[in-house]
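Letter by letter, the chains look like this.
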Amino acid sequence: MKLKLAMIGGGQGAFIGAIHRIAARIDDEYELVAGAFSSDAEKAKASGLLLGLKPERVYTSYKELIEKEKQLPEGERVQVISIVTPNHVHFEPTKLALENGFHVILDKPMTFSLDEAKELEKVVKSSGKLFCLTHTYTGYPMVKEARQIVKSGKLGAIRKVYVEYPQGWLSTFLEGEDNKQASWRTDPGKSGIAGAMGDIGTHAFNLSEYVTGLQVTKVNADINIVVEGRKLDDDGAVLLKYNNGASGVLTASQIAAGDENNIKIRVYGEKGSIEWQQDIANTLLVKWLDKPAEVWRTGGGYTSSYVTSNMRAPAGHPEGYLEAFANLYKNFAQSVKAQIEGKTATPEALDFPGIDDGVRGMAFVENVIASGKSEKKWTDFVI
């Protein structure tokens, strides 16, 4: 059974919408049957027709989509709505979709503000519907294995975490050149109070908490606007304190000239450490205090079920960003189908980011920006 999928946003010229559609198709778990792809009616219609949708299932607003789809017979209406709009158009369509009985996949960061995130948390929990937030990097098999290694206690108590996300694409004033992606990400009215920290810092933060199983309790942030004329941060570093006493360092920069998208994490415990980076995503480096380092590979036969259930090709066949994204869609689909069938989804299927990750991500944004403006050395991580 394929789940019937609709998309809000992601029309012509949108980067992330196409990524979501590819991810949804990889495992044949979904059929895209409807969409409201743009706030521009003509662009919305043109986008839907290019995707081969029936004209009557191509809508010109998310309100029209939700209202008309819920009136269709159960066997025809969509079951999952994927929302891939800019940040300021996350809360309302997500809330409306959940309240009207649809499961939701939402691009990150979850909302425009922490207040919206906390309100959405109430809606998710009262709706009875499932919710997935697309923190892509948690979908990589070897990131999942890193989490399992930490969880097993093999590294001992975690002491130190380093996580970095360097990009160089905003090293110039790109938003002044009619670049759509740069324009909304650097606009406080569409992105929110943060630039780099909201766009990629939230990914780094989520990765650190996902792999370690720990939660940040205090932050000490240095937030910068480097490119002249820019309205939101394009660079920053944050010292972190975790709830077990461990410390961490998080850096997120979009003015790291020459760097592309190589998010990286290192986690140090009493007995050893793990290291993963997106440039070599099939590899997990495991290092020990008292014996030689080990190179763990996807498909090696010695990894956990969380690896094998999230890979599609034999060892030596690289799987990357699109497949990691697809793992979120696949796991979410399996969980939705289990709910429809009155069954309990497997732990592996339920391993996708959800509402709690979204709330903590928005708390990260607001706490870090506040810390960057404060003269205090450390500020509590408040939700």
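Provided above is the structure to which this section pertains.
Residues numbered from 1 in each chain as written. Predicted model: local features only at pLDDT ≥ 70, side-chain atom pairs only at ≥ 80, totals over all residues. Heavy atoms only, no water.

## Quick look at the sheet that holds strand 10 (residues 264–269)
Definition in use: Here, strands pair whenever DSSP counts at least two bridges between them. We count a stretch as a helix when DSSP gives it H or I for four or more residues in a row; a strand needs E for two or more, and each element gets its number in order from the N terminus. Contacts: residue pairs with any heavy atoms within 4.5 Å of one another. Here an axis means a line fitted to C-alpha atoms, over the contact stretch when the element is a helix, while the angle between two N-to-C directions is reported on a 0 to 180 degree scale.
Taken in spatial order, the nine strands of this open sheet run 13-12-11-10-6-9-8-7-14, and their pairing is mixed. At either margin of the open sheet sits one strand with a lone partner, and together these are strand 13 (294–297) and strand 14 (379–380). Where strand 7 (residues 216–224) meets strand 8 (residues 235–242), eight bridges bridge the pair, whose relative direction is antiparallel. Looking across to strand 8, one finds that Ala221 is bridged to Val238. The sheet contacts of helix 6 (residues 141–152) involve strand 6 (158–166), strand 10, strand 11 (272–277), strand 12 (283–288) and strand 13, and relative to strand 12 the element is tilted by about 25°. Sitting on the sheet, helix 12 (residues 355–373) touches strand 7, strand 8, strand 9 (247–253) and strand 14, and the angle it makes with strand 7 is about 55°.

## Things to note about the pattern of salt bridges
Note the following rule: Between Lys or Arg on one side and Asp or Glu on the other, a salt bridge is scored when a side-chain nitrogen of the former is within 4 Å of a carboxyl oxygen of the latter. A 1.4 Å probe rolled over the protein chains alone gives each residue an accessible area, and that area as a share of the maximum for its type sets the label: buried under 20%, exposed over 50%, partly exposed in between.
Counting across every chain of the model gives 19 salt bridges. Glu275 is the salt-bridge partner of Lys264, the closest N and O atoms lying 3.6 Å from each other. Taken together, the residues span a long stretch of sequence, with Lys264 in strand 10 and Glu275 in strand 11 at a distance of 11 residues. Like Lys264, the residue Glu275 is buried in the burial classification. Each of Asp27, Arg312 and Glu319 takes part in salt bridges that share partners, so that together they form one network.

## Some remarks on the pairing of strand 4 (residues 103–106)
Two faces make up the sheet, and in a regular strand the side chains alternate between them. For the record, the criterion: Handedness of a crossover: with both strands directed away from the viewer, a clockwise path from the first strand across the helix to the second marks it as right-handed.
Because side chains alternate across strand 4, one face comprises the buried residues His103 and Ile105, and the other comprises Val104 and Leu106, equally buried. As defined by bridge partners, strand 3 (residues 80–83) adjoins strand 4 across four bridges and the pair is classed as parallel. Each residue of the ladder has a partner; that of Ile83, found in strand 4, is Leu106. Handedness of the crossover joining strand 3 and strand 4 through helix 4 (residues 91–99): right-handed. Chirality of the crossover, the property in question, places the unit of strand 4, helix 5 (residues 114–127) and strand 5 (residues 131–133) among those that are right-handed.

## Some remarks on helix 3 (residues 62–70)
The test is simple: By construction, the arc corresponds to the directions joining the helix axis to the C-beta atoms.
Within helix 3, the full set of buried residues consists of Tyr62, Leu65, Ile66 and Glu69. Along helix 3, the residues classed as buried sweep out an arc of 90° about the axis, all on the same side.

## So, the nonpolar core
To be explicit about the condition: As used here, the term nonpolar core means buried Ala, Val, Leu, Ile, Met, Phe, Trp, Tyr and Cys residues forming a set that is joined through side-chain atoms within 4.5 Å.
Grouped together as the largest cluster of nonpolar side chains are 78 residues, with contacts concentrated most on Ile81, Val211, Leu250 and Trp276. Residue contributions to this core peak at eight residues, all from helix 12.

## Here's the deal with the sheet that holds strand 5
Strand order in the open sheet formed by five strands is 2-1-3-4-5, and the pairing between neighbours is parallel. Because the sheet does not close on itself, it has two edges, and the strands there are strand 2 (30–36) and strand 5. Direction aside, neighbouring strands of the sheet carry axes that sit 20° apart on average. Contacts between helix 1 (residues 15–26) and the sheet are confined to strand 1 (3–8), strand 2 and strand 3, with strand 1 contributing the most and set at about 175° to the helix. The strands that helix 11 (residues 321–340) touches are strand 1, strand 2, strand 3, strand 4 and strand 5; relative to strand 4, the one it contacts most, it runs at about 170°.

## Describing the side chain of Ser335
With respect to the helices, strands and loops of the structure, Ser335 is situated in helix 11. The residues touching Ser335, leaving out its near neighbours within four places in the chain, are Leu130, Ala345, Ala349, Leu350 and Phe352.

## A look at helix 4
Among all positions in helix 4, only Phe91, Pro93, Thr94, Ala97 and Leu98 are buried. Close packing links the buried residues of helix 4 with strand 1, helix 3, strand 3, strand 4, helix 5 and strand 5. Gly101 sits one or two residues past helix 4 and shows a positive phi near 90°.

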